[in-house]
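An overview of the molecular structure
Letter by letter, the chains look like this.
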Amino acid sequence: MNLLPALPRTIASLFSYHMISWILAIAMFVGFFLKFLVLNPLLLGCRRFMLANLSNKPNFGNEIGNGFKPYEKVVLTLFLTDLYTFLWMLLFIIPAIVKVYSYRLVPYILVEHPEMSAQDIITLSRRMMDGNKMDTFILDISFIGWLILDVFTLGILGIFYVNPYIMSTHAALYDRIRNEYEGRTCSENVINSSYEEI
């Protein structure tokens, strides 16, 4: 009996629709697992480095590694941010875009205030971005030319220039918004204390 003609049918049955869907589901699970447990802390370390770079105290190795500290808080906070964004996306695309900009400062606040709870960090990011979402959106649109140029260089320009440029610009944006927010809350506290005295 010749088994050779049955071999293609056997291979085809192994890679049936159900098998492929299981492989895709496992690949998605592994991808989510790596994003939340490895990639998010690494990106937080990059943002920590860019903030340190603003104050002329960068130490690349230390800052990238510190993105994993405190590990549980980093994973939880960034997971909640991604989860909230996903849930807003279920409503429609426009609310999701607004919330992406509302949560834009979460990694930077987490870098500077790791003692805060995840929910407090997300809430503070929303407050700080009030009135700054449109400016941040326009800033992001200004990078389109660089991103198109990055595509034409097959990502090489992105590795060496575009991505660091965008990340350092976002760190400077956070620094500006933080300073404005601190000034605004200080003046509100002064006004509130003066009302209490009356």
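Described below are features of the structure shown in this document.

Calculation rules
- Residues numbered from 1 in each chain as written.
- Predicted model: local features only at pLDDT ≥ 70, side-chain atom pairs only at ≥ 80, totals over all residues.
- Heavy atoms only, no water.
- Helix = DSSP H or I, 4+ residues; strand = E, 2+ residues; numbered from the N terminus.
- Buried < 20%, exposed > 50% of the residue type's maximum accessible area, 1.4 Å probe, protein only.
- Contact = heavy atoms within 4.5 Å.
- Areas by Shrake-Rupley, 256 points an atom, 1.4 Å probe, with all protein chains shown as cover.
- Salt bridge = Lys/Arg side-chain N within 4 Å of Asp/Glu carboxyl O.
- Axes fitted to C-alpha atoms, helices over the stretch in contact; angles between N-to-C directions.
- Parallel < 35°, antiparallel > 145°, perpendicular 65-115°, else oblique.
- Phe/Tyr/Trp six-rings, centres within 6.5 Å; stacked < 30°, edge-to-face > 60°.

**A closer look at the overall build of the protein chain**
- Regarding its fold elements, the protein chain presents 10 helices and zero strands.
- Reading the helices (α) and strands (β) of the protein chain from amino to carboxyl end gives α-α-α-α-α-α-α-α-α-α.
- Counting across all 198 residues of the protein chain, residues that qualify as buried make up 29%.
- Counting only contacts in the protein chain whose residues sit at least 6 apart along the sequence, the fraction spanning at least 24 positions is 63%.
- Per element, the accessible surface of the protein chain, about 13,000 Å² overall, is 71% carbon and sulfur.

**Quick look at the pattern of salt bridges**
- Here the structure, examined in full by the defined rule, presents six salt bridges.
- Between Lys-35 and Asp-82 there is a salt bridge, and its shortest N-O distance comes to 2.9 Å. Within this pair, whereas Lys-35 is found in helix α2 (residues 17-54), its partner Asp-82 is found in helix α4 (residues 71-91), the two being separated by 47 residues in sequence.
- Between Arg-176 and Glu-180 there is a salt bridge; the shortest N-O distance is 2.7 Å. Of this pair, Arg-176 and Glu-180 both sit in helix α10 (residues 156-197), four residues apart, which is roughly one turn of the helix.
- In this structure Glu-180 comes out as partly exposed when scored by relative accessible area, which is 38%.
- Here the residues in one salt-bridge network are Glu-112, Asp-175 and Arg-178, joined through shared partners.

**What to know about the packing of helix α5 (residues 93-102) against helix α7 (residues 118-129)**
- α7 packs onto α5 with a crossing angle of 100° between their chain directions and a minimal axis gap of 8 Å. One element, α5, and the other, α7, form an angle in the roughly perpendicular class. Packed against α5, whose contacting residues are Lys-99, Tyr-101 and Ser-102, the element α7 presents Ser-125, Arg-126 and Met-129 at the interface.

**Remarks on the packing of aromatic side chains**
- Considering all chains together, one arrives at 10 aromatic pairs under this definition.
- Between Tyr-101 and Phe-137 the ring centres are 5.9 Å apart and the planes differ by 80°, which places this aromatic pair in the edge-to-face class. Residue Tyr-101 is located in helix α5, and its partner Phe-137 is located in helix α8 (residues 133-141); the two are separated by 36 residues in the primary sequence.
- Judged by relative accessible area, which is 34%, Phe-137 ranks as partly exposed.
- Here the aromatic rings of Phe-143 and Tyr-165 are separated by 5.7 Å at their centres, their planes lie at 90°, and the arrangement is edge-to-face. With Phe-143 in the loop between α8 and α9 (144-152) and Tyr-165 in helix α10, this pair connects stretches of sequence that are 22 residues apart.

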